[in-house]
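# Architecture at a glance
Chain residues, written in single-letter form:
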Amino acid sequence: MSEDRLKGSATFDRAAGSYQRARPDYPDDLYRDLLQVTGLTPPAGLLEVGCGPGKATVPLARRGFTITALEPGENLAAEARQNLAPYQRVTVHTTSFEAWQPARHDFQLVYAATAWHWTDPEVRYRRAADLLTPGGYLAVWSAGHAFPAGFDPFFTDIQEVYNEIDQANVPAQWPPPPPEQETGREAEFAQSGLFTPIGFRRYVWALRYTADEYIALLNTFSGHIAMEPAGRDYLYGEIRRRLAQRSDGRVTRHWIALLTVGQRA
């Protein structure tokens, strides 16, 4: 794994205490579709890559699945154990996906929720395939910023502040492509030669944030965690000032989750 990828993934451990509260839950429809596409039922054995504090673990644990969850961050793993304590079928290991030494290679599903891009692209598909039972599944999904038609203009305006503190936050295309143009990892799955893509779903939803809530969210993103304190303080001050000028003091952020499911070839 590259040094930049290692450093980036490690920053999340500093946000362990707030990640579970600040990050949104994934849509219920995502789990429904995942289980419909794969046909899996409890207590099938699942392996989660990069579980964080258990954001995507709890909904599947609640359904009765047997889950082995991997999390390299010590603080995040501790949070996950606490959040998952009611579920006896869940085990959390403090280790990376690449370094883990498993006692079994018969999982029916390997999945990663907003964590796959932190794994080593040179080995991740082979590693997943080796850990799966024949005909097993790989599912990858994310939760990112969506920009549908009519998205909140706050996000265009705040770019000038990022530019002032020399923290470019603008995608190559502005505004970014609308949600209906976002694609999953079907091509990547197929190119691995190890997985046949069998399902892709797209989910878009919107949440309203106060200034404090939105800043708490930003504090769970690696780029903001790693910012120089002076620049981050200025940015957050501008967020508070600008939202205070609104009648309700809130910003609307749209989210998009892209679910790709593949079957071991």
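## Focus: the overall build of the protein chain
Helix and strand counts for the protein chain come out as 12 helices and 8 strands. In terms of overall size, the protein chain behaves like a compact globule, its C-alpha atoms giving a radius of gyration of 19 Å where 265 residues would be expected to give roughly 18 Å. With the C-alpha coordinates aligned to their principal axes, the bounding extent of the protein chain is approximately 55 × 35 × 35 Å. For the protein chain, buried positions account for 50% of its 265 residues.

## As for the packing of aromatic side chains
According to the stated counting rule, one finds 15 aromatic pairs in the structure shown. Aromatic pair Y125 and F189: ring centres 5.6 Å apart, planes at 75 degrees, arrangement edge-to-face. With a gap of 64 residues between them, Y125 in helix α6 (residues 124–131) and F189 in helix α9 (residues 186–192) connect regions that are remote in the sequence. The same class applies to Y125 and to F189, which are both buried. A connected cluster of aromatic rings, assembled from ring pairs, spans F97, W116, Y125, F189 and F195. Lying over the aromatic face of F107, R104 brings its terminal NZ or CZ to 4.3 Å of the ring centre. A cation over a ring is seen here: R253 above W255, with NZ or CZ 4.2 Å from the ring centre.

## A look at the pattern of salt bridges
Note on pairing: side chains with opposite charge can pair once their charged atoms come close. This model, assessed by the stated rule, comprises 15 salt bridges. A salt bridge links R201 to D33; its shortest N-O distance comes to 4.0 Å. Here the residue R201 occupies a position in strand β7 (residues 195–210), and D33 occupies one in helix α3 (residues 28–38), the gap between them amounting to 168 residues. On the basis of relative accessibility, which here comes to 30%, the residue R201 falls in the partly exposed class. Salt-bridge contacts for R185 lead to E188; the nearest nitrogen and oxygen are separated by 2.9 Å. Under the relative-accessibility criterion, R185 is labelled partly exposed at 23%. Connected through salt bridges with shared partners, the residues D29, R32, D33 and R201 form a single ionic network.

## Here's the deal with helix α5 (residues 74–83)
Residues of α5 that are buried include every one of L76, A77 and A80, and no others. Take α5 and look down its axis: the buried residues cluster within an arc of 100 degrees, on one side only. In α5, the exposed positions that point more than 90 degrees away from the buried face belong to E74 and Q82.

Cut-offs applied
Each residue is numbered by its place in its chain's sequence as written, counting from 1. Restriction of local features to residues with pLDDT of at least 70 applies here, the model being predicted, together with a cutoff of 80 or more for giving and counting side-chain atom pairs; totals for whole chains, interfaces and linings are based on all residues. Each side-chain value is worked out from all heavy atoms of the structure, with water and hydrogens disregarded. Secondary structure elements are defined from DSSP: runs of H or I of at least 4 residues count as helices, runs of E of at least 2 residues count as strands, and each element is numbered from the N terminus. Computation of the radius of gyration draws on C-alpha atoms, with the globule rule given as 2.2 Å multiplied by the number of residues to the power 0.38. Relative accessibility under 20% of the residue-type maximum defines a buried residue, over 50% an exposed one, and the middle range a partly exposed one, all with a 1.4 Å probe and only protein chains included. Working definition: a ring pair exists when centres of Phe, Tyr or Trp rings (six-membered ring for Trp) sit within 6.5 Å. Plane angles under 30 degrees give stacked, over 60 give edge-to-face, the rest tilted. The rule is short: NZ of Lys or CZ of Arg within 6 Å of the ring centre and within 35 degrees of the ring normal puts a charge over the ring. Take a side-chain nitrogen of Lys or Arg and a carboxyl oxygen of Asp or Glu: if they are within 4 Å of each other, that pair is a salt bridge. Think of it as the arc spanned by the lines of direction from the helix axis to the C-beta atoms.

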